[in-house]
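A look at the structure
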Amino acid sequence: KGKNIIVYEGGESLRFDFHAIEEGVNGTLRLMKYLNMIDTAPETNEENRVIWSTSWVRAKHAGLFQPNVKCGQLVHKGDWVGTITDPFGEFKEEVHAHATAYIIGLNYSPVINAGDALMHLGLDNLCKLENAELK
């Protein structure tokens, strides 16, 4: 219907993260104040970042996923972000970031299938600039 939307992602898969929920609500209230929909909203001391595009890092193999990064972290193209292994340690695959981006979502479920989303990457203007320079 030609309407714009904003999607907020925060916290971990399959868990309630009360800090992420509170930030989502407060961010929505700040946006509503900015749009003159309400008169007051909570202040923030945190740096705001506008994510213009996103992409997913997906598992090439099934197994056990162990991330070595955290939500909100900036990763650079090629950085090692986690490992997929089998339960017996006979198979090990390093997972690398395919772009410079911020981690905006992370799968903490240890058991993964081929094709599962391991992490969601968000690109702001600085990330887009660095990725363009890397090409």
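Remember, predicted model here, so these are calculated numbers, not experimental data.

For the rest of this paragraph, the subject is the overall build of the protein. Summing up its helical and strand segments, the protein has 2 helices and 8 strands in all. When its helices and strands are written in sequence order, the protein yields α-β-β-β-β-β-β-β-β-α. Across the 135 residues that make up the protein, the buried fraction comes to 29%. By sequence separation, contacts in the protein at least 24 residues apart represent 55% of the contacts at least 6 residues apart. Across the protein, the 13 positively charged side chains and the 18 negatively charged ones have centroids separated by 7 Å.

Moving on, we come to the layout of surface pockets. The computed volume of the largest pocket comes to approximately 1700 Å³. Lining the largest pocket are 35 residues; nearest its centre among them are Val7, Tyr8, Glu9, Arg49 and Ile51. Contributions of two or more residues to the lining of the largest pocket are made by helix 1 (18–34), strand 1 (53–58) and strand 6 (101–106). The element best represented in the lining of the largest pocket is helix 1, accounting for 9 residues.

The strand order 5-4-2-7 describes an open sheet built from 4 strands, whose pairing is antiparallel. What marks the edges here is a single partner per strand, and that holds for strand 5 (92–96) and strand 7 (111–112).

Turning our eyes to something else, we now look at the packing of aromatic side chains. With the rule as written, the count across this model stands at 0 aromatic pairs. Over the aromatic face of tyrosine 102 sits the side chain of arginine 49, whose NZ or CZ is 3.8 Å from the ring centroid.

Our focus in this paragraph is the nonpolar core. Counting residues in each nonpolar core, the largest one holds 19 residues, and the members touching the most others are Leu118 and Met119. Of all the elements in the fold, those that place two or more residues in this core are strand 4 (80–85), strand 6 and strand 8 (117–123). Beyond its immediate stretch of four places on either side in the chain, methionine 119 contacts Ser55, Trp56, Val57, Phe65, Val69, Val81, Ile103, Gly105 and Leu106.

Across the sheet, 4 strands lie side by side as 1-8-6-3; this open sheet has antiparallel pairing. Each end of this open sheet is capped by a strand with a single partner; those strands are strand 1 and strand 3 (74–75).

Quick look at unusual backbone geometry now. One non-glycine residue, asparagine 36, lies in positive phi territory at about 60°. With respect to the element layout, asparagine 36 can be found in the loop between helix 1 and strand 1.

So, about the environment of histidine 120. Within the element layout of this structure, histidine 120 appears in strand 8. Accessibility expressed as a relative area gives 6% for histidine 120, which makes it buried. Taking the C-alpha atoms as reference points, histidine 120 and leucine 14, separated by 106 residues in sequence, lie 15 Å from one another. If near-sequence neighbours (up to four positions away) are discounted, histidine 120 is found in contact with Glu9, Thr54, Ser55, Trp56, Tyr102, Ile103, Ile104 and Gly105. Only 3.0 Å separates the side chain of histidine 120 from the side chain of threonine 54, close enough to count as a polar contact.

For helix 1, spanning 17 residues, the distance from its first C-alpha to its last is 24 Å, which sits close to the expected 24 Å at 1.5 Å a residue. Three or more residues of helix 1 are buried, namely Ala20, Gly24 and Asn26. For helix 1, the N-terminal capping position is held by aspartate 17, with its side-chain oxygen 3.1 Å away from the main-chain nitrogen of histidine 19. Positive backbone phi, approximately 60°, marks asparagine 36, located one or two places after helix 1.

Rules behind the numbers
Residues numbered from 1 in each chain as written. Predicted model: local features only at pLDDT ≥ 70, side-chain atom pairs only at ≥ 80, totals over all residues. Heavy atoms only, no water. Helix = DSSP H or I, 4+ residues; strand = E, 2+ residues; numbered from the N terminus. Buried < 20%, exposed > 50% of the residue type's maximum accessible area, 1.4 Å probe, protein only. Contact = heavy atoms within 4.5 Å. Lys, Arg positive; Asp, Glu negative; His and termini not counted. Charge placed at Lys NZ, Arg CZ, Asp CG, Glu CD. 1 Å grid on protein atoms, 1.4 Å probe; cavity = no way out; pocket = protein on both sides within 12 Å on 5 of 7 lines; lining within 4 Å. Points joined across faces, edges and corners; volume = space filled by probe spheres on them. Pairing = 2+ DSSP bridges. Phe/Tyr/Trp six-rings, centres within 6.5 Å; stacked < 30°, edge-to-face > 60°. Lys NZ or Arg CZ within 6 Å of the ring centre and 35° of its normal. Core = buried A, V, L, I, M, F, W, Y, C linked by side-chain atoms within 4.5 Å. Polar contact = N/O pair within 3.5 Å; in protein donor to acceptor, adjacent residues only side chain to side chain. Expected span 1.5 Å × (residues − 1).

Note that all results are geometric; they support no functional claim without further evidence.
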